[in-house]
Amino acid sequence: MPSFMKILTNQKRQRLLNEAPAGDGAVVYVMAREQRIHDNWALIRALEIAAERQVPVLVLFPLAPMISTSARHNEWMITSLREVSSALAVYDIPFCIEYGDWEQSIPGFVKRHDIGEVVFDFNPLQPVTEWVNRAAALLPVRASMVDARNIVPAWEAAPKAAFAAYTFRPRIHRLLPEYLTEFPPLKQPTVPYSEPVPPVDWEVLRAYRACDHAEPIPNSFVPGETAASAQLARFLANTLPEYHLTRNDPNEFGVSALSPYLRWGNISAQRVALAVRAVLGHPDAKEAFLEELIVRRELADNYCFYTTDQLSLASMPTWAQATLEKHRSDPRPYLYSYETLAAAATHDPLWNAAQQQMVEQGKMHGYLRMYWAKKILEWTTDPETAIAYAIQLNDHYELDGQDSNGVVGVMWSIAGLHDRAWPERPVFGKIRYMNYAGCKRKFDVKNFETRYANATPTSLFT
DNA sequence: ATCGGCTCGCGCAA
DNA sequence: TGCGCGAAGCCGAT
């Protein structure tokens, strides 16, 4: 393509959120889920609008009080945002923080800075969707969201929640040629913002959300955009070549270890996909990884985007609701409290080791996440409790927690989402069953148990 | 070691 | 209306 031709963002990545007209003032990108400055379609689109209108651009991070957090998530966010802030400064783009509920803080910011248009990044998780909709409805200027998370925008990929991966996969593959494209380079705004912007007080940010600051933070991952690119490079060089052979063995370093970075938006899945496509390697390895990176990841956002009650059994397929209802009162072989589970103190050494890996390293191996969640269904009083405990543990300890992939992973394991019926048995009904014997058939269970029985296990992710 | 049966319903071909 | 097939299953038979 000749260099004088301007590459514009595909307009289908953007969705209007209100009917107000754009004003004359600056464009603000409301950064929330995508904590990076490169390869970010929401920022790119905000810069494009500003260039067309010859107005400045600001980036706003609106921190709401009511999401619970853990020390590890709080620190990850702060480190990511410090990097965003200094990287934006190089491009002369102001970075601002607002505290409070979005329906107050965002309209307040818009009024104070005489903003002409607002661009949100897309997040289908409840309650964030509600926050965005309410804030946008109160704004006197045009507001939109840009899907900077998925390669194929969630509203373009499918018109409804997909029944399973096989109904979603062909749609994604059909649309990839249109959307899996190179990003335009990040450019300085043509008009700088001239008003003074107060510097961020990082200690105020750290203290804003309540959490146990004494809780240990895993040192197995370095947060932020630079570290994310470094991890991608390591993955491509060391792990991708045998990905298809080693990914399901929890004893191997066979995974990308990119999920925390993808969760915080420190790296774009589109950038990862372009890099994997470009590298030489075994087609099976590349195909297996791209299936997870693209189809399975975007299926999770598809479920959340089209489902209001994301953790409710009522949102599950009919067969799954019926079978869990039928087996609701089945006696459970063991019953554990949340505290016993969190302390990795069950009778099952493999389950305890998986739980321990999550607590100490902030990331449980993907294969074990299924076994882990299914055992919570088996060892708690009812499916609702199992879902609540699994989500609470996931969202507290996993560095990639509080994300659509966690929601769908838990609902797949416990409640049959995107899965099919299997032979009926106690407690599970027709939900796919997994057990210790199956794990022994597939990998060296004793080795994994030994590794995570100690207080400070060797990290598999660094 | 490998294989068939278990079980449901979507989406498409006919 | 019939048919193929699906994220990682388990289990018993061969």
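Residues numbered from 1 in each chain as written. Chains lettered and ligands numbered in written order. Predicted model: local features only at pLDDT ≥ 70, side-chain atom pairs only at ≥ 80, totals over all residues. Heavy atoms only, no water.

**Q** I'd like to hear about the overall build of chain A, residue by residue, with values.
**A** Counting its secondary structure elements, chain A contains 20 helices and six strands. The C-alpha radius of gyration computed for chain A amounts to 22 Å, which stays within 12% of the reference 23 Å derived for 462 residues, consistent with globular compactness. Structurally, chain A occupies a C-alpha span of about 65 × 45 × 45 Å along its principal axes. Of all 462 residues assigned to chain A, the portion counted as buried reaches 58%. Within chain A, contacts between residues at least 6 apart in sequence are counted, and of these 80% link residues at least 24 apart. Carbon and sulfur atoms form 55% of the exposed surface of chain A, whose accessible area is close to 19500 Å². The positive charge centre, built from 46 side chains, and the negative charge centre, built from 52, are 6 Å apart in chain A. (Helix = DSSP H or I, 4+ residues; strand = E, 2+ residues; numbered from the N terminus. Rg over C-alpha atoms; globule rule 2.2 N^0.38 Å. Buried < 20%, exposed > 50% of the residue type's maximum accessible area, 1.4 Å probe, protein only. Contact = heavy atoms within 4.5 Å. Areas by Shrake-Rupley, 256 points an atom, 1.4 Å probe, with all protein chains shown as cover. Lys, Arg positive; Asp, Glu negative; His and termini not counted. Charge placed at Lys NZ, Arg CZ, Asp CG, Glu CD.)

**Q** Can you explain the protein's contact with DNA strand B? Please cite residues and give values.
**A** Around DNA strand B, the neighbouring residues are Lys160, Phe163, Tyr166, Thr167, Trp319, Arg420, Ala421, Pro423 and Lys430. In the interface set of DNA strand B, defined as its atoms within 4 Å of the protein, sugar plus phosphate atoms amount to 73%. One of the backbone N or O atoms of Ala421 is found 3.1 Å from a base oxygen in DNA strand B. One of the side-chain N or O atoms of Lys430 is found 2.6 Å from a phosphate oxygen in DNA strand B. Each residue belonging to the surface near DNA strand B can be placed in one class, and the counts come to five nonpolar, one polar and three charged. (Near = heavy atom within 4 Å. Polar contact = N/O pair within 3.5 Å; in protein donor to acceptor, adjacent residues only side chain to side chain. Nonpolar A, V, L, I, M, F, W, Y, C, P; charged D, E, K, R; others polar.)

**Q** Explain the nonpolar core to me, using residue names and the numbers behind them.
**A** Counting 76 residues, the largest nonpolar core has Leu81, Phe95, Phe289 and Leu293 as its most contacted members. The residues touching Phe289, leaving out its near neighbours within four places in the chain, are Phe235, Leu240, Tyr243, Ser256, Leu258, Val272 and Val276. Residues Ala354, Ala386, Val408 and Phe443 belong to the second largest nonpolar core, which totals 48 residues. (Core = buried A, V, L, I, M, F, W, Y, C linked by side-chain atoms within 4.5 Å.)

**Q** Describe in detail the packing of aromatic side chains, supporting the description with residues and values.
**A** The relative placement of two aromatic rings is captured by the distance of their centres and the angle of their planes. Per the stated rule, a full pass over the model turns up 24 aromatic pairs. Ring geometry for Tyr99 and Tyr208: centres 4.7 Å apart, planes at 50°, overall tilted. With Tyr99 in strand β4 (residues 95–99) and Tyr208 in helix α7 (residues 202–208), this residue pair connects regions lying 109 residues apart in the sequence. Residue Tyr208 is classed as partly exposed on the basis of its relative accessible area, which comes to 28%. For the ring pair Phe448 and Tyr452, a centre distance of 4.8 Å and an interplane angle of 45° mean the geometry is tilted. Members of the aromatic cluster, joined through ring pairs, are Tyr334, Tyr336, Trp351, Trp372 and Trp379. Across the ring face of Tyr433, the terminal group of Arg425 is positioned such that the distance to the ring centre comes to 3.6 Å. (Phe/Tyr/Trp six-rings, centres within 6.5 Å; stacked < 30°, edge-to-face > 60°. Lys NZ or Arg CZ within 6 Å of the ring centre and 35° of its normal.)

**Q** Please set out the protein's contact with DNA strand C residue by residue, giving values where relevant.
**A** Neighbouring DNA strand C are 19 residues, the closest being Ala165, Arg296, Trp422, Arg432 and Lys442. Here DNA strand C approaches the protein such that, of its atoms within 4 Å, sugar and phosphate make up 45%. One of the side-chain nitrogen or oxygen atoms of Arg432 is found 2.4 Å away from a phosphate oxygen of DNA strand C. Among the elements of the structure, α6 (165–179), α16 (366–378) and α19 (436–442) are those that each provide at least two residues to the surface near DNA strand C. The residue makeup of the surface near DNA strand C, split by class, is nine nonpolar, three polar and seven charged.

**Q** Tell me what's going on with the side chain of Asp419, and back it up with residues and numbers.
**A** Within the secondary structure, Asp419 is located in the loop between α18 (404–415) and α19. With relative accessibility at 9%, the residue Asp419 sits in the buried group. At a separation of 2.7 Å, a polar atom in the side chain of Asp419 contacts the side chain of Arg432. Setting aside residues up to four positions removed in sequence, Asp419 forms contacts with Trp319, Trp412 and Arg432.

**Q** Just give me the short version of the sheet that holds β4, but keep the residues and values in it.
**A** Here six strands make up an open sheet; going across it, the order is β1-β6-β5-β2-β3-β4 and the pairing mixed. Two strands in the sheet have a free side with no partner beyond their single neighbour: β1 (14–16) and β4. The sheet shows a mean angle of 30° between the axes of neighbouring strands, direction not considered. Relative to β4, strand β3 (residues 57–63) runs parallel, the two sharing five bridges. When the bridges of β4 are listed, Leu63 appears paired with Tyr99. Lying on the sheet, helix α3 (residues 102–112) is in contact with β2 (27–30), β3, β4 and β5 (117–121); it crosses β3 at an angle near 155°. (Pairing = 2+ DSSP bridges. Axes fitted to C-alpha atoms, helices over the stretch in contact; angles between N-to-C directions.)

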